[in-house]
Amino acid sequence: MSHAAVLVDRGIIPGFHLSMANDPLPVMSASAEESGLVRRVREGETERFADLIDQYQNHVGRIVARRVPADRVRELVHEVFVKAYVNLAQFSESVPFEHWLAGIAVRTCYDFWRARSREEVPVSALSDEHTRWIEQTLSSHSDRQFRDQTARQEARELLGWALARLSPENRAVLTLVHLDGYSVREAADMLGWSLVNVKVRAHRARKALRELLRHTLAEKAHDAT
Amino acid sequence: MMRHDDDSLNSLARALIEAYRAQSQVSPPVDVRWDVMRDVRRSATERSRWTPATVLDQLVWRTATITAAVVLTASVLTVSLWRPSLAPNPVLVAEELESVPLFDE
């Protein structure tokens, strides 16, 4: 079942609720095929690593593309695979290789935003197009109209604008728990943080984003009057 | 006028989540195989230089070099501390001068 489907099941798609599920992760381990492949690479058959890249680069690409600007995706996917190769000895085979790689990808993106926050890259302001998009979205009369709105470029830009205003920690947790729909435990495993830390962060991140959106709505309402 | 109550907030949040999902469905494929394998090969070559035999070899040479340096330094220090000075002792020179008459009478 995909994470989106799990999200629907848990009823967290419609609102912006926090999934505090501590359910243990489903027992899954690396398949015999991928374990064999990893073992061969570890034993010195370096060229077999190309098979792992072929198999998982789009999976890693999707994770990274959701988290960083489009022009940095390739570079970070590259970094994820190099890190995976260097740390291959740490792959325990108790989880699927795909999950292990996802953890590296998430942490690499988190490091990217941490480095970026130190550089203090200025965040652009909302434009009139974004304001119009908010107005049109809120006045959508049908589901179809609403969905059409969400597919627009302005929606992604507004999301990027909001996420850029969060701390790298809040951003990482919010993306995993609220947007991707992972459980708190899954997010903690991927980030390598404690369960309590992720719970607290998830709560704070959600609150911070809601405050940001509330402020934006209030500001636009003020401008309109 | 724009509503800014909780309903609006929830709608906006939902729209952004949907936008996030839509974005993840259209992410273009990436191909990093060539670049990653170039780095992997380089890393593997560097690793292969560090076989147990190479490490032992390096260890022996380093230990020998450090020991030789320590022995050399100790020898130089010992020699410089204990070797009698080649310069004339000023006390002896003074005594010698005193014992010799200034003008031969």
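Remember, predicted model here, so these are calculated numbers, not experimental data.

S.K.: How do you make sense of the overall build of chain B when you look at a structure like this?
M.R.: What chain B contains, in helices and strands, is four helices and zero strands. Reading the secondary structure of chain B in the N-to-C direction produces α-α-α-α. Within chain B, buried positions represent 12% of all 105 residues.

S.K.: Would you mind going over the overall build of chain A with me for this structure?
M.R.: Counting its secondary structure elements, chain A contains eleven helices and zero strands. Reading chain A from its N terminus to its C terminus gives the helix and strand order α-α-α-α-α-α-α-α-α-α-α. In chain A, buried positions account for 35% of the 225 residues. Put simply, 69% of the contacts in chain A that link residues at least 6 apart link residues at least 24 apart.

S.K.: Is there a simple way to think about helix α8 (residues 153-164) of chain A in this case?
M.R.: Owing to its 3.6 residues per turn, the α-helix aligns residues three or four sequence positions apart on the same side. A rise of 1.5 Å per residue sets the reference length of α8 of chain A, with its twelve residues, at 16 Å; its end C-alpha atoms lie 16 Å apart and thus fit the reference within 8%. Among the residues making up α8 of chain A, those that are buried are E154, A155, L158, L159, A162 and L163 of chain A.

S.K.: What is the right way to read the nonpolar core from this model?
M.R.: Soluble globular proteins tend to bury their nonpolar side chains together. Counting 63 residues, the largest nonpolar core has V64, V80, L101 and A105 of chain A together with L16 of chain B as its most contacted members. Among the elements that take part in this core, helix α5 (residues 97-119) of chain A stands out by supplying ten residues, more than any other. Dropping the residues within four chain positions of it, A105 of chain A is found in contact with V60, I63, V64 and V80 of chain A.

S.K.: Got a minute to help me understand the interface of chain B and chain A in this structure?
M.R.: Frequently, the measure chosen for interface size is the accessible area removed from exposure when the parts meet. Each side of the interface is counted separately: chain B has 35 residues, and chain A has 47 residues. Within the residue set of the side of chain B that touches chain A, elements represented by two or more residues are α1 (6-25) and α2 (33-48) of chain B. With 17 residues, α1 of chain B is the largest single contributor of residues to the side of chain B that touches chain A. Among the residues making up the side of chain B that touches chain A, the classes are represented as 18 nonpolar, eight polar and nine charged.

S.K.: Any chance you could explain helix α9 (residues 168-180) of chain A here in plain terms?
M.R.: Residue and element names in this part refer to chain A. Of all bends in α9, the biggest is about 30 degrees, found at L174. Where burial is concerned, most of α9 is hidden: ten out of the 13 residues are buried. All of the buried residues along α9 are R171, A172, V173, L174, T175, L176, V177, H178, L179 and D180. Positive phi shows up at G181, right after α9, with a value of about 85 degrees.

S.K.: How do you make sense of unusual backbone geometry when you look at a structure like this?
M.R.: Excluding glycine, residues mostly carry a negative phi; peptide bonds, for their part, are mostly trans. All names here are of chain A. Phi is positive for E93, which is not a glycine, with a value near 70 degrees. Residue position: E93 is located in the loop between α4 (73-86) and α5. The class of E93 is partly exposed, set by 15 C-beta atoms lying within 10 Å.

S.K.: Can you walk me through the confidence of the model for chain A in this structure?
M.R.: Caution applies to low-pLDDT regions: their predicted coordinates should not be interpreted in detail. All names here are of chain A. Averaged over every residue, the pLDDT of chain A is 82; residues scoring 70 or more account for 82%. Of all secondary-structure elements in chain A, the lowest mean pLDDT belongs to helix α1 (residues 3-10), at 42, while α4 reaches the highest, 95. Segment residues 1-27: pLDDT under 50, and 42 contacts once partners within four positions in sequence are set aside and those in other chains are kept.

What counts, and at which threshold
Residues numbered from 1 in each chain as written. Chains lettered and ligands numbered in written order. Predicted model: local features only at pLDDT ≥ 70, side-chain atom pairs only at ≥ 80, totals over all residues. Helix = DSSP H or I, 4+ residues; strand = E, 2+ residues; numbered from the N terminus. Buried ≥ 20, exposed ≤ 12 C-beta atoms within 10 Å, placed from the backbone. Contact = placed C-beta atoms within 7 Å. Expected span 1.5 Å × (residues − 1). Core = buried A, V, L, I, M, F, W, Y, C linked by C-beta atoms within 7 Å. Nonpolar A, V, L, I, M, F, W, Y, C, P; charged D, E, K, R; others polar. Bend = angle between axes of the 7 residues up to and from the residue. pLDDT = per-residue confidence, 0-100.

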